[in-house]
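Structural features, examined
Letter by letter, the chains look like this.
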2 protein chains.
Amino acid sequence: MTYCVAIKVDSGLIFCSDSRTNAGVDHVSTYSKMHSYGIPGERQITIMSAGNLATTQSVIAQIQRGLENQNEPNILNLPTLRDIADYVGKINSYEQDKHEVDNAQFEATFILGGQVGLNSDHEIFMVYPEGNYISTSFGTPYLQIGESKYGKPILDRILTPSTNLATSAAAALVSMDSTMRSNLSVGPPIEIYTYNANTLQPGAYVKLEEDSKYLRELKKEWDARIKEAFSQLPPVEWAQNWDQSPDQENIIS
Amino acid sequence: MTYCVAIKVDSGLIFCSDSRTNAGVDHVSTYSKMHSYGIPGERQITIMSAGNLATTQSVIAQIQRGLENQNEPNILNLPTLRDIADYVGKINSYEQDKHEVDNAQFEATFILGGQVGLNSDHEIFMVYPEGNYISTSFGTPYLQIGESKYGKPILDRILTPSTNLATSAAAALVSMDSTMRSNLSVGPPIEIYTYNANTLQPGAYVKLEEDSKYLRELKKEWDARIKEAFSQLPPVEWAQNWDQSPDQENIIS
């Protein structure tokens, strides 16, 4: 399994991915799921992948071959980010269809983001196995692929378009922590990459290894703070006597 | 969709269920998913259901018919809770098989818990569509059915076998709140039922309606406290300058 999240805020983009792949619990490996491309001053593009590893690898290989052979088109000469999403979507559905015995098994999903020129905004897209794609919205300024449910509530609570990049990175890491806690097949190293809006330059890249002191501390601190938050909830008055003598049939309004 | 959670702690059991059912977004209804049976002083049994509504209703109807006709066996005369889980499992797989066109569509899952006599512990079981079942463990003192992922992290953090019933009820409600926030098809009224270990008497029952002041406050308070907890996390030092001038290629240990 995989968990990747991309966040789009006014000041830029955050990409965060785990690196664990598995085919059964005894075939666990580490692969980076994050790939960045760019021409400084002209465009910056980051791609994250989830799903069948053979498909995601062949899609990334096709993108890279397109660059090496200076194919027309490739991701560094297409005019907009939407065109690039279309291009990746087409490669993705083609690579899956090549192994048509049972389509479902070979599905892959991508998050693609960045900025092309200063005439258009920085954006993120989720590219589906069928090749079509969606963007973020004002109310949902993030996209997730892979094991997305455990880490979703914290993103919904924290993120708005005006959240800054450091806070967005922290939200992505807390979301990743909740996911790793609940799903064994999501694991470190955790990669984080940032893009500052309208710079058209590569942003900061951080890789948190399995034994990262920061990851351990984040895990410990968040766990302690969640427990503290929970203990400070207003008392459930109607349940205070449940451990002694239960009432019956209370309708609480 | 549905979300039900049952918690087994040393001092007793907590059952918590939502009441929303849906067949498409324009066919949303309210049905209780919690059913209790008992002979005070002898046994107490609570059943919660998730899955195909026709199947869950016919299973509950079969259980009730068994009681009305004083069938041998029925859930009030079987000697142990495991026998009752077997009985419910058999009815469940039979009711699904009756509509065999496409099995998967008619699946239902149950949580069954309570206590039969004082010679055995209070327990909870999850009964699968195939009729077999599992229990809780020391490390995982709860069982979930339906939309379980959004609300799982908080249960993992808070619950241990020594948690008291009032705190367990609060954990169940916070778990339900996270689930309702992330999945439209899980909704109020929320029902909570408790069983105090070794009483063999019905416990407290609470129904929180859609406009419940308590539910609204819990939602508001928890949201505020999560945000506060998040804001108190130690600063992500290596990301402090991300909103100004990003560094590149930091490996953080």
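Relevant structure appears above.
From a predicted model like this one, the values you see are computed outputs, not experimental measurements.

**With respect to the pattern of salt bridges**
If you walk through the whole model with that rule in mind, you get 25 salt bridges over all chains. Put simply, B:Glu147 and A:Lys149 hold a salt bridge, and the shortest N to O gap is 3.1 Å. A residue pair is termed interchain when its members come from two chains, as with B:Glu147 in the loop between strand S10 (142–146) and helix H3 (152–158) and A:Lys149 in the loop between strand S10 (142–146) and helix H3 (152–158). Owing to a relative accessible area of 5%, B:Glu147 belongs among the buried residues under this scheme. For A:Lys149, a relative accessible area of 27% corresponds to the partly exposed category. With its nearest N and O atoms 3.7 Å apart, the salt bridge here joins A:Arg157 to B:Asp177. Taken as a pair, A:Arg157 in helix H3 and B:Asp177 in helix H4 (residues 165–182) lie in two separate chains rather than in one. Residue classification places A:Arg157 among the buried positions, given a relative accessible area of 6%. One connected set of salt bridges, linked through shared partners, spans A:Arg157, B:Asp177, B:Arg181, B:Asp223 and B:Lys227.

**Description of the relation of the copies chain A and chain B**
Structural alignment of chain A on chain B gives an RMSD of 0.0 Å, achieved by rotating through 180° and translating 0.0 Å along the axis. Each copy turns onto its partner about a two-fold axis. It is A:Tyr150 whose C-alpha, among those of chain A, lies nearest the rotation axis, at 2.5 Å. The share of interface residues of chain A whose copies in chain B are also at the interface is 100%, consistent with both copies meeting through the same surface.

**Side note on helix H1 (residues 53–68) of chain A**
All names here are of chain A. With 16 residues, H1 ought to run about 22 Å at 1.5 Å a step, and its terminal C-alpha atoms sit 22 Å apart, in line with that. Along H1, the residues classified as buried are Thr55, Thr56, Val59, Ile60, Ile63 and Gly66. Seen along its axis, H1 keeps its buried residues to an arc of 130°; they face one direction. Facing away from the buried side of H1 by more than 90 degrees, the exposed set consists of Ala54 and Glu68. Those residues of H1 that are buried lie in contact with strand S5 (34–39), strand S6 (43–51), helix H2 (81–97) and strand S7 (108–116). Two or three places before Ala54, at the start of H1, stands the capping residue Asn52, its side-chain oxygen 3.0 Å from that residue's backbone nitrogen. Downstream of H1 by one or two residues, Gln70 has phi in the positive range, about 50°.

**Points about the interface of chain A and chain B**
Across the contact, 65 residues belong to chain A and 65 residues belong to chain B. Summed over both sides, the interface between chain A and chain B buries roughly 6,000 Å², with carbon and sulfur atoms accounting for 65% of that surface. The largest contributions to the chain A side of the interface with chain B come from A:Arg157, A:Phe230 and A:Trp242, which together make up 15% of the buried area. Put simply, chain A and chain B have 6 salt bridges between them. For the salt bridge of B:Arg157 with A:Asp223, the shortest nitrogen-to-oxygen distance reads 3.1 Å. One can count 7 residue pairs in polar contact (both at pLDDT 80 or more) joining chain A with chain B. Sorting the residues of the side of chain A that touches chain B by element identifies H3, helix H4 (165–182), strand S11 (190–196), strand S12 (205–208), helix H5 (213–231) and strand S13 (250–252) of chain A as the ones contributing at least two each. Of the residues forming the side of chain A that touches chain B, the biggest block, 12 residues, is contributed by H4(A). For the side of chain A that touches chain B, a count of residues per class yields 33 nonpolar, 15 polar and 17 charged.

The rules we used
Residues numbered from 1 in each chain as written. Chains lettered and ligands numbered in written order. Predicted model: local features only at pLDDT ≥ 70, side-chain atom pairs only at ≥ 80, totals over all residues. Heavy atoms only, no water. Salt bridge = Lys/Arg side-chain N within 4 Å of Asp/Glu carboxyl O. Helix = DSSP H or I, 4+ residues; strand = E, 2+ residues; numbered from the N terminus. Buried < 20%, exposed > 50% of the residue type's maximum accessible area, 1.4 Å probe, protein only. Least-squares fit on C-alpha atoms with pLDDT ≥ 70 in both. Contact = heavy atoms within 4.5 Å. Expected span 1.5 Å × (residues − 1). Arc of directions from axis to C-beta. Polar contact = N/O pair within 3.5 Å; in protein donor to acceptor, adjacent residues only side chain to side chain. Buried area = accessible area lost by both parts, 1.4 Å probe. Nonpolar A, V, L, I, M, F, W, Y, C, P; charged D, E, K, R; others polar.

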